[in-house]
Amino acid sequence: DAGVIQSPRHEVTEMGQEVTLRCKPISGHNSLFWYRQTMMRGLELLIYFNNNVPIDDSGMPEDRFSAKMPNASFSTLKIQPSEPRDSAVYFCASTQTRKSTNEKLFFGSGTQLSVL
Amino acid sequence: GIQVEQSPPDLILQEGANSTLRCNFSDSVNNLQWFHQNPWGQLINLFYIPSGTKQNGRLSATTVATERYSLLYISSSQTTDSGVYFCAARPDRGSTLGRLYFGRGTQLTVWP
């Protein structure tokens with residue numbers, strides 16, 4: 001399996017611009033997570049989906065952030081408008097959530113976002 | 001939520017040494033995982049271990065769920081073991097739905 005695939009790997013943008021991050025989970029996984037990592041706050045969960053439905057979006061910082069999962073193989077995280085404080089590494093992760101299974105969480109390579 | 005505390009925050013070793021990393025959690029859990037973030041930023045899953053003991057090469061992990069802690073053992077450490085080790089736990093609410101809570105990590109540096 002190709003693993004969790006994220007794009008782009010790096011994104012540099014100017015304040016006020018729209019940013020869209022993309023993620024393809026591992027085939028067969030039914031839960032998808034978006035995390036943000038900074039030195040100050042560590043790994044923060046932004047939102048997670050189960051069977052394409054948002055389950056917990058309490059970590060989404062504010063209305064500028066939105067996430068969608070239109071089907072089982074694709075998700076987007078959008079920031080509009082972007083601000084310098086959004087600069088971070090954004091990770092997507094997926095797992096198979098089901099009782100009596102090995103629920104290992106697998107991460108993508110991340111998107112390094114820099115907002116100038 | 002749940003509090004996940006890792007210790008020590010930093011660890012410096014000579015190549016060949018053994019080490020033990022600890023993860024304490026504040027509530028009963030039904031999911032406990034260990035991850036390694038290498039110096040290039042990749043997060044690699046090491047163990048899914050809500051209870052019991054598992055081994056994978058030089059690494060092993062033990063979770064004592066009743067006492068709310070997990071240990072990660074690294075034997076004969078190598079420079080490639082350097083990076084940050086994270087523990088993550090999901091509180092047991094009788095469901096497989098629910099987020100994992102991450103600790104702040106242990107920064108391991110192995111010198112040749």
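See above for the structure.
A brief report on the enclosed structure follows. (Residues numbered from 1 in each chain as written. Chains lettered and ligands numbered in written order. Predicted model: local features only at pLDDT ≥ 70, side-chain atom pairs only at ≥ 80, totals over all residues. Heavy atoms only, no water.)

Remarks on the state of the cysteines
Residue and element names in this part refer to chain A.
Next up, step 1: All told, the structure shown has two disulfides over all chains when counted by the stated rule.
Next up, step 2: Disulfide partner of Cys23: Cys92, at an S-S distance of 1.9 Å. Since a negative S-S torsion denotes a left-handed disulfide, the Cys23-Cys92 link at about -70° is left-handed. Of this pair, Cys23 sits in strand S3 (residues 19-24) while Cys92 sits in strand S9 (residues 88-95); the two residues are 69 residues apart in sequence, bridging distant segments of the chain. We note that Cys23, like Cys92, is buried. (Disulfide = S-S within 2.5 Å. Helix = DSSP H or I, 4+ residues; strand = E, 2+ residues; numbered from the N terminus. Buried < 20%, exposed > 50% of the residue type's maximum accessible area, 1.4 Å probe, protein only.)

Here's the deal with the layout of surface pockets
Next up, step 1: The computed volume of the largest pocket comes to approximately 330 Å³.
Next up, step 2: Along the walls of the largest pocket sit 13 residues, with Gln37(A), Thr38(A), Met39(A), Val84(B) and Phe86(B) positioned nearest its centre.
Next up, step 3: Among the elements of the structure, strand S4 (31-38) and strand S5 (42-50) of chain A together with strand S9 (83-91) and strand S11 (106-111) of chain B are those that each provide at least two residues to the lining of the largest pocket.
Next up, step 4: Looking at the lining of the largest pocket, its residues break down into five nonpolar, seven polar and one charged. (1 Å grid on protein atoms, 1.4 Å probe; cavity = no way out; pocket = protein on both sides within 12 Å on 5 of 7 lines; lining within 4 Å. Points joined across faces, edges and corners; volume = space filled by probe spheres on them. Nonpolar A, V, L, I, M, F, W, Y, C, P; charged D, E, K, R; others polar.)

Some words on unusual backbone geometry
Next up, step 1: The residue after Gln80(A), namely Pro81(A), is reached through a cis peptide bond having omega -5°.
Next up, step 2: Along the chain, the position of Pro81(A) falls in the loop between strand S8 (74-79) and S9.
Next up, step 3: A positive phi is found at Asn52(A), a non-glycine position, where the angle reads about 75°.
Next up, step 4: Take Asn52(A): its relative accessible area is 29%, and that puts it in the partly exposed class.
Next up, step 5: Of note in this structure, Arg68(B) is not a glycine but carries a positive phi near 60°.
Next up, step 6: Note that Arg68(B) resides in the loop between strand S7 (59-64) and strand S8 (69-74).

Notes on the sheet that holds S7(B)
All names here are of chain B.
Next up, step 1: Strand order in the open sheet formed by five strands is S1-S3-S8-S7-S6, and the pairing between neighbours is antiparallel. Both outer strands of the open sheet, strand S1 (4-7) and strand S6 (52-56), are each paired with one neighbouring strand and no more. Ignoring which end each strand starts from, the neighbouring axes of this sheet average 15° apart.
Next up, step 2: As defined by bridge partners, S6 adjoins S7 across five bridges and the pair is classed as antiparallel. Along S7, the bridge assignment pairs Gln55 with Ser60. (Pairing = 2+ DSSP bridges. Axes fitted to C-alpha atoms, helices over the stretch in contact; angles between N-to-C directions.)

A few points about the sheet that holds S8(A)
Residue and element names in this part refer to chain A.
Next up, step 1: Judged by pairing direction, the sheet is antiparallel, and its four strands sit side by side in the order S1-S3-S8-S7 without closing on themselves. Taken across any chain shown, the strands that pair with only one partner, and hence form the sheet edges, are strand S1 (5-7) and strand S7 (65-71). Averaged over all pairs of adjacent strands, the angle between strand axes in this sheet comes to 15°, irrespective of strand direction.
Next up, step 2: Relative to S8, S7 runs antiparallel, the two being bridged by five bridges. Looking across to S8, one finds that Ser66 is bridged to Lys78.

Focus: a nonpolar patch on the surface
Next up, step 1: A contiguous nonpolar surface patch, about 220 Å² in accessible area, is contributed by Val53(A), Ile55(A) and Leu97(B).
Next up, step 2: On the secondary structure map, Leu97(B) appears in the loop between S9 and strand S10 (101-102). (Patch = residues over 30% accessible without salt bridge, like charges linked within 9 Å, V, L, I, M, F, W, Y side chains within 5 Å. Areas by Shrake-Rupley, 256 points an atom, 1.4 Å probe, with all protein chains shown as cover. Salt bridge = Lys/Arg side-chain N within 4 Å of Asp/Glu carboxyl O.)

Here's the deal with the packing of aromatic side chains
Pairs of aromatic rings are described using the distance from one ring centre to the other and the angle between the two planes.
Next up, step 1: Tallied over the entire structure, the rule returns nine aromatic pairs over all chains.
Next up, step 2: Ring geometry for Phe86(B) versus Phe102(B): centroids 6.3 Å apart, planes at 75°, classification edge-to-face. Of the two residues, Phe86(B) sits in strand S9 while Phe102(B) sits in strand S10, which places them 16 residues apart along the sequence. No difference in accessibility class separates Phe86(B) from Phe102(B), as the two residues are buried.
Next up, step 3: Cluster of aromatic residues (ring-pair linked, three or more members): Phe33(A), Tyr35(A), Tyr48(A), Phe91(A), Phe107(A), Phe35(B), Phe86(B) and Phe102(B).
Next up, step 4: A cation over an aromatic ring shows up here: Arg22(B) above the ring of Tyr69(B), its NZ or CZ 4.2 Å from the ring centre.
Next up, step 5: Across the ring face of Tyr101(B), the terminal group of Arg99(B) is positioned such that the distance to the ring centre comes to 4.2 Å. (Phe/Tyr/Trp six-rings, centres within 6.5 Å; stacked < 30°, edge-to-face > 60°. Lys NZ or Arg CZ within 6 Å of the ring centre and 35° of its normal.)

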